[in-house]
Amino acid sequence: MDSDKIGNALKQYYKIFGFENEGPPDNLNVNSLLPSTNFLNDIERIESICCNQEAIRKHSECKDLLDSVANALTDAKFMEELNQSILSSSEPEREHLSNGMFWHYLANTLDPKASQSLGIDIPMPKSLSKISQHILRLHGSLIFRLYITLVYMKEGPLIKMLKTTAINKQPIAQKANKLLRCDYIRHLRNALAHSTFEPTICGIYFKDEDKFEVIASPAFLASLSTWIMLLNYQCSIVLDLKSENNNKHQ
């Protein structure tokens, strides 16, 4: 009999879909920490996802693209690409970027670590356990950040700028364009737009109709939304500088 069925499922999951040091250590018996909680449905879903080769492949492709973009944003080269390709922008485009970044910041403050460091006390139902409160805050913050990043910002200036810059064969813009258009992100965006997602013990389960399903870990989702928002932030800097220079010459 498996004495730590939930722990073994989590360890298998994080080895495939998690970030380094995410998830329980190998020597920890997770079941001993959750003796009265039934996670049978989560275990079955985790085991199914871990055997889903399409989910594994698309996650791996997205993670490789994300790593490539992250490594390329260590200096000002992306902003230089944008500056050479983009001539002007409209006030609504700049406002769209500013709103998205501000709302992303607000959503980020809901994360338990961020709210604690900022001294923000978010009221929670007294009936919920400390673990449940933590998970609710964490998943709520992730969902809000992802919605702003992948849904609200989708048709914003970033895509327009990436298209123009990628056509000019600028390498970082091409990588960013591939990331935002990859299947994994498209499926997550559809699931967010259709509200076909729900929390699990190891992350958030997304289902895009009968086309795709996956459980995305908190660390991966946080990294994904952060790096895409950084792309938007660098676009915003370039657009603001362009606008300022254009105003000076009018």
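Residues numbered from 1 in each chain as written. Predicted model: local features only at pLDDT ≥ 70, side-chain atom pairs only at ≥ 80, totals over all residues. Heavy atoms only, no water.

> What is the right way to look at the overall build of the protein chain in this model?
Helices and strands together make up the secondary structure of the protein chain, namely 11 helices and 3 strands. Taken from the N to the C terminus, the helices and strands of the protein chain come in the order α-α-α-α-α-α-α-α-α-α-β-β-β-α. With the principal axes as the frame, the protein chain shows a C-alpha extent of 75 × 40 × 30 Å. In the protein chain, which comprises 250 residues, the proportion classed as buried is 46%. For the protein chain, contacts bridging at least 24 residues in sequence account for 74% of all contacts bridging at least 6. Of the roughly 13500 Å² that the protein chain leaves accessible, carbon and sulfur atoms contribute 53%. (Helix = DSSP H or I, 4+ residues; strand = E, 2+ residues; numbered from the N terminus. Buried < 20%, exposed > 50% of the residue type's maximum accessible area, 1.4 Å probe, protein only. Contact = heavy atoms within 4.5 Å. Areas by Shrake-Rupley, 256 points an atom, 1.4 Å probe, with all protein chains shown as cover.)

> Explain the sheet that holds strand 3 (residues 212-216) to me, please; I cannot follow it from the model alone.
Sheet strands pair via backbone hydrogen bonds, and the direction of the pair is either parallel or antiparallel. Strand order in the open sheet formed by 3 strands is 1-2-3, and the pairing between neighbours is antiparallel. Only two strands of the sheet have a single neighbouring strand rather than two, namely strand 1 (197-200) and strand 3. Strand-to-strand twist in this sheet, taken as the mean axis angle between neighbours without regard to direction, amounts to 20°. Relative to strand 3, strand 2 (residues 203-208) runs antiparallel, the two sharing 5 bridges. The partner of Phe206 across the bridge, within strand 3, is Val214. Sheet strands touched by helix 10 (residues 183-194): strand 1, strand 2 and strand 3. Its angle to strand 2, the strand with the most contacts, is close to 90°. (Pairing = 2+ DSSP bridges. Axes fitted to C-alpha atoms, helices over the stretch in contact; angles between N-to-C directions.)

> Looking at this structure, I do not really get the layout of surface pockets. What am I missing?
Where empty space is left can be seen by rolling a probe of water-molecule size over the atoms. When its volume is computed, the second largest pocket comes out at roughly 240 Å³. Forming the boundary of the second largest pocket are Glu22, Asn108, Asp111, Pro112, Lys113, His134, Leu138, Leu142, Arg145, Pro218, Ala219 and Ala222. Elements supplying a minimum of two residues to the lining of the second largest pocket: helix 6 (112-118), helix 7 (130-152) and helix 11 (218-248). In terms of residue count, helix 7 provides more of the lining of the second largest pocket than any other element does, 4 residues in total. Residue classes in the lining of the second largest pocket are distributed as 6 nonpolar, 2 polar and 4 charged. (1 Å grid on protein atoms, 1.4 Å probe; cavity = no way out; pocket = protein on both sides within 12 Å on 5 of 7 lines; lining within 4 Å. Points joined across faces, edges and corners; volume = space filled by probe spheres on them. Nonpolar A, V, L, I, M, F, W, Y, C, P; charged D, E, K, R; others polar.)

> Any chance you could explain the pairing of strand 2 here in plain terms?
Side-chain direction in a regular strand flips from residue to residue, so the side chains alternate between the two faces of the sheet. The buried fraction of strand 2 is high, at 5 of 6 residues. Strand direction decides the pairing type here: strand 1 and strand 2, joined by 4 bridges, are antiparallel. By the bridge assignment, Glu198 is partnered in strand 2 with Tyr205. Counting the residues between successive antiparallel strands, the hairpin from strand 1 to strand 2 contains 2 residues. Hairpin connection from strand 2 to strand 3: 3 residues lie between these consecutive antiparallel strands, with Glu209 at a positive phi of about 50°.

> Which parts of the structure should I look at to understand empty space enclosed by the protein?
Within this structure, the stated rule accounts for 1 cavity of 30 Å³ or more. For the largest cavity, the calculated volume is near 70 Å³. Together, Thr149, Leu150, Met153, Lys154, Leu158, Ile159, Leu180, Arg189, Ile228 and Asn232 line the largest cavity. At the level of elements, helix 7, helix 8 (157-167) and helix 11 are the ones that each hand at least two residues to the lining of the largest cavity.

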